[in-house]
Amino acid sequence: MAQQRLNVQAPIHPLIAKRWSPRAFDPDRPVSIELLTSCLEAARWSASSYNAQPWRFVVADRFHDPKSWQIVFDHLVPVNQHWNRRVPVFVVATTYPFLEDGRPNGHAEHDLGQANANFCLQATALGLVTHQMAGFKKDELRLALGVPEEYTVKTVIALGWPGTLDQLDEDLKKRELLPRERKPLENLIHIGSWGHPFQPPKSLGWEARYQETKHECLPWFSPQLDSDFAEALASLGLHSGTALDIGCGSGTQAVALARKGFDVTATEVSPTALKAARELAEQNKVSIRFVEDDILNTRLQGPYDLIIDRGILHNFPEPEDRTTYLTALKKLSKPGGYFFLKCFSHKETRQEGPPCRLTPEELKSLFQPDFEILEIKETTFQSPVHDHPPQALLLLAKRK
Ligand SMILES: Cc1cc2nc3c(=O)[nH]c(=O)nc-3n(C[C@H](O)[C@H](O)[C@H](O)COP(=O)(O)O)c2cc1C
């Protein structure tokens, strides 16, 4: 099953990104005792309060012990039975809520959760998949499996090899393909004291994107100078001067401008992208000033004869960010200097992509006060990953 790309706000370890809870398991492939034992061993090495190790597991393997497996299956709620019919292994996770000296262990459930997480990550590292479940009849299952009364039965973990989408009915298929979502860090984390939302550096999301994807497979990658920009340069007769590429990514636009004869500065928030851009400039034997910089908090001084933005503005839905962006552009543009912008257009309806889809009117109201608008044109983004290139707007403007 194709792994979905997560919309991470910062780079995370690939193992954590890879773990998920699918519903499609290979019905015919057993989990070997060696791999199962590794998962259980990973759970054993979890941290626990007082090192009490309160977790206890009951394993029910369909290939080796179909009777126990059937007992677990029979106690799942119908919605879970629906996709668990041929899961190879169930691991019933229980916890002991007392410490050795008989005092209650207030962290028994917390620590079982940690052990389950270790189990699932070890399984992921081995290429297996897991799906934890709370949807089953807990007391009845405890009795049916002979688990002593003092133990709390908390979850059942389905374990097996990844299956394929065609095993699932239409409803499950749809659920399997839903985007995996999480609440934003800002809603989950308080900094210092409650009520002060943590503000993660926005650049980390971009850094994650460049770390996890081959740059030539990123949707905005364009090996040559964007054809709209190339045409604009030709029609305006621009060949030289200082140029600034904001959000240069892996450097193709900056290198193309330098090869044309511009004295180029290129900025990027992602160090991984910048490293690739530097390498590309070296390969092309062009000298470019690369700077790790965010247009919303720029350290650049300028001014430049030409500024290009091929994918920054459409990431700013907030009016404050747009104002900051425009203030920076004004400062960085020479009077009479040119500004080329490409952004997603309001005519683009696909869900994925940047958060903003702009109209010509929006562009006018943003830029007209400080720039003379030379042209706003409907166009497309040439993209290595889209059969139908995204609808875009090209803005050519001149600083007043
Ligand atoms: C304690 C626990 C109970 C869960 N119970 C169920 C369940 O009964 N049925 C189900 O389909 N998924 C269940 N899930 C899976 C969650 O829905 C899933 O982890 C969540 O949607 C996040 O998706 P991900 O694991 O793919 O990141 C459970 C997960 C946990 C941790």
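Conventions and cut-offs
- Residues numbered from 1 in each chain as written.
- Predicted model: local features only at pLDDT ≥ 70, side-chain atom pairs only at ≥ 80, totals over all residues.
- Helix = DSSP H or I, 4+ residues; strand = E, 2+ residues; numbered from the N terminus.
- Rg over C-alpha atoms; globule rule 2.2 N^0.38 Å.
- Buried ≥ 20, exposed ≤ 12 C-beta atoms within 10 Å, placed from the backbone.
- Contact = placed C-beta atoms within 7 Å.
- Near = placed C-beta within 6 Å.
- Axes fitted to C-alpha atoms, helices over the stretch in contact; angles between N-to-C directions.
- Left-handed = near helix turned anticlockwise from the far one by under 90°.
- Nonpolar A, V, L, I, M, F, W, Y, C, P; charged D, E, K, R; others polar.
- Domains from an automatic or database assignment.
- Parallel < 35°, antiparallel > 145°, perpendicular 65-115°, else oblique.
- Pairing = 2+ DSSP bridges.
- Right-handed = clockwise from strand over helix to strand, strands pointing away.
- Core = buried A, V, L, I, M, F, W, Y, C linked by C-beta atoms within 7 Å.
- Arc of directions from axis to C-beta.

### Brief notes about the overall build of the protein chain
On a plain count of helices and strands, the protein chain comes out with 14 helices and eleven strands. In summary, the protein chain has a C-alpha radius of gyration of 28 Å against a globular reference of 21 Å for 400 residues, an excess of more than 25%. The dimensions of the protein chain, computed from C-alpha atoms along their principal axes, are 85 × 45 × 40 Å. Going through the 400 residues of the protein chain one by one, you find that 36% of them count as buried. Long-range pairs, those at least 24 residues apart, make up 72% of the contacts in the protein chain with a sequence separation of at least 6.

### What to know about the site of the ligand
The full set of residues close to the ligand is Trp20, Ser21, Asn80, His131, Gln132, Met133, Ala134, Gly135, Thr155 and Arg180. Counting residues per element, the shell around the ligand draws most heavily on strand β3 (residues 129-133), which supplies three residues.

### Some remarks on the packing of helix α2 (residues 33-44) against helix α5 (residues 108-125)
Where α2 meets α5, the closest approach of the two axes is 7 Å, and the angle between their N-to-C directions is 145°. For the crossing formed where α2 meets α5, the hand is right-handed. In this structure, α2 uses Ser38, Cys39, Leu40, Ala42 and Ala43 to contact α5, whose residues at the interface are Ala115, Asn116, Asn118, Phe119, Leu121, Gln122 and Ala123. Across the contact of α2 with α5, the residue classes break down as eight nonpolar, four polar and no charged.

### Overview of the domain arrangement of the protein chain
By domain assignment, the protein chain separates into domain 1 (21-179) and domain 2 (215-399). Using C-alpha coordinates to define each centre, domain 1 is positioned 50 Å away from domain 2.

### Regarding the packing of helix α9 (residues 203-212) against helix α12 (residues 271-283)
Helices that pack against each other are described as a pair by the angle of their axes relative to one another and the distance between those axes. The interhelical angle for the contact between α9 and α12, taken along N-to-C directions, is 55°, at an axis separation of 7 Å. One finds that α9 runs oblique with respect to α12. The residues of α12 that touch α9, namely those facing Glu207, Tyr210 and Gln211, are Pro271, Thr272 and Ala273. A class-by-class count of the residues in the contact of α9 with α12 yields three nonpolar, two polar and one charged.

### Remarks on the sheet that holds strand β11 (residues 391-399)
One open sheet accounts for seven strands, arranged β7-β6-β5-β8-β9-β11-β10; its pairing is mixed. The open sheet is flanked by β7 (289-292) and β10 (371-380), the only strands paired with a single partner. Along the sheet, successive strands turn relative to each other by an average axial angle of 15°, direction set aside. Relative to β11, β10 is paired through nine bridges, and the arrangement is antiparallel. Pairing of Glu375 across the sheet is with Leu396, part of β11. Strands β8 (304-309), β9 (333-344), β10 and β11 of the sheet are contacted by helix α10 (residues 227-236), whose axis makes an angle of about 150° with β9.

### Regarding the pairing of β9
Within β9, nine of the twelve residues are buried, which leaves it mostly tucked inside the rest of the structure. Here β8 pairs with β9 via five bridges, running parallel. Bridging from a neighbouring strand, Ile307 pairs with Phe339 of β9. One crossover worth recording links β8 to the parallel β9 by way of helix α13 (residues 319-332), and it is right-handed. In the sheet, β9 pairs with β11 via seven bridges, with the strands oriented antiparallel. Residue pairing across strands places Cys343 opposite Leu393, the latter belonging to β11.

### Description of α9
Residues spaced three or four apart along an α-helix point in a common direction, a consequence of the helix completing one turn every 3.6 residues. Here α9 has its buried residues at Trp206, Glu207, Ala208, Arg209 and Tyr210. Residues of α9 that are buried make contact with α12.

### Some words on the sheet that holds strand β1 (residues 55-61)
An order of β1-β2-β4-β3 is seen for the four strands of this open sheet, with the pairing classed as antiparallel. In this open sheet, the two edge strands, each paired with only one partner strand, are β1 and β3. Neighbour to neighbour, the strand axes of the sheet diverge by 25° on average, direction disregarded. In terms of strand pairing, β1 meets strand β2 (residues 89-95) through seven bridges, oriented antiparallel. Its bridge partner being in β2, Trp55 is matched across the sheet by Thr95. Packed on one face of the sheet, helix α3 (residues 66-75) meets β1, β2 and β4 (152-160) and runs near 110° to β1.

### Regarding the environment of Ser250
Within the secondary structure layout, Ser250 lies in the loop between β5 (241-246) and α11 (252-260). The class for Ser250 is buried, based on 26 C-beta atoms found within 10 Å. Distance in space between the C-alpha atoms of Ser250 and Phe25 is 38 Å, their sequence separation being 225 residues. Other than its neighbours up to four places away in sequence, Ser250 contacts His215, Ala273, Ala276, Ala277 and Leu280.

### Thoughts on the nonpolar core
Core analysis: the largest hydrophobic core is formed by 57 residues, its most contacted members being Ala254, Ala277 and Ile307. Ala277 has contacts with Cys248, Ser250, Gly251, Ala254, Ala266, Glu268 and Phe290, leaving out every residue within four places of it along the chain. Counting 37 residues, the second largest nonpolar core, distinct from the first, contains Val72, Phe73, Ala93 and Ala108.

### A closer look at α10
Taken residue by residue, α10 has Asp228, Phe229, Ala232 and Leu233 as its buried positions. Taken down its axis, α10 places every buried residue within 135° of arc, on the same side. Turned more than 90 degrees away from the buried face of α10 sit Ser227, Ala234 and Ser235, all of them exposed. For α10, the secondary structure elements touched by its buried residues are β8, β9, β10 and β11. Gly237, located one to two residues past α10, shows a positive phi value of around 70°.

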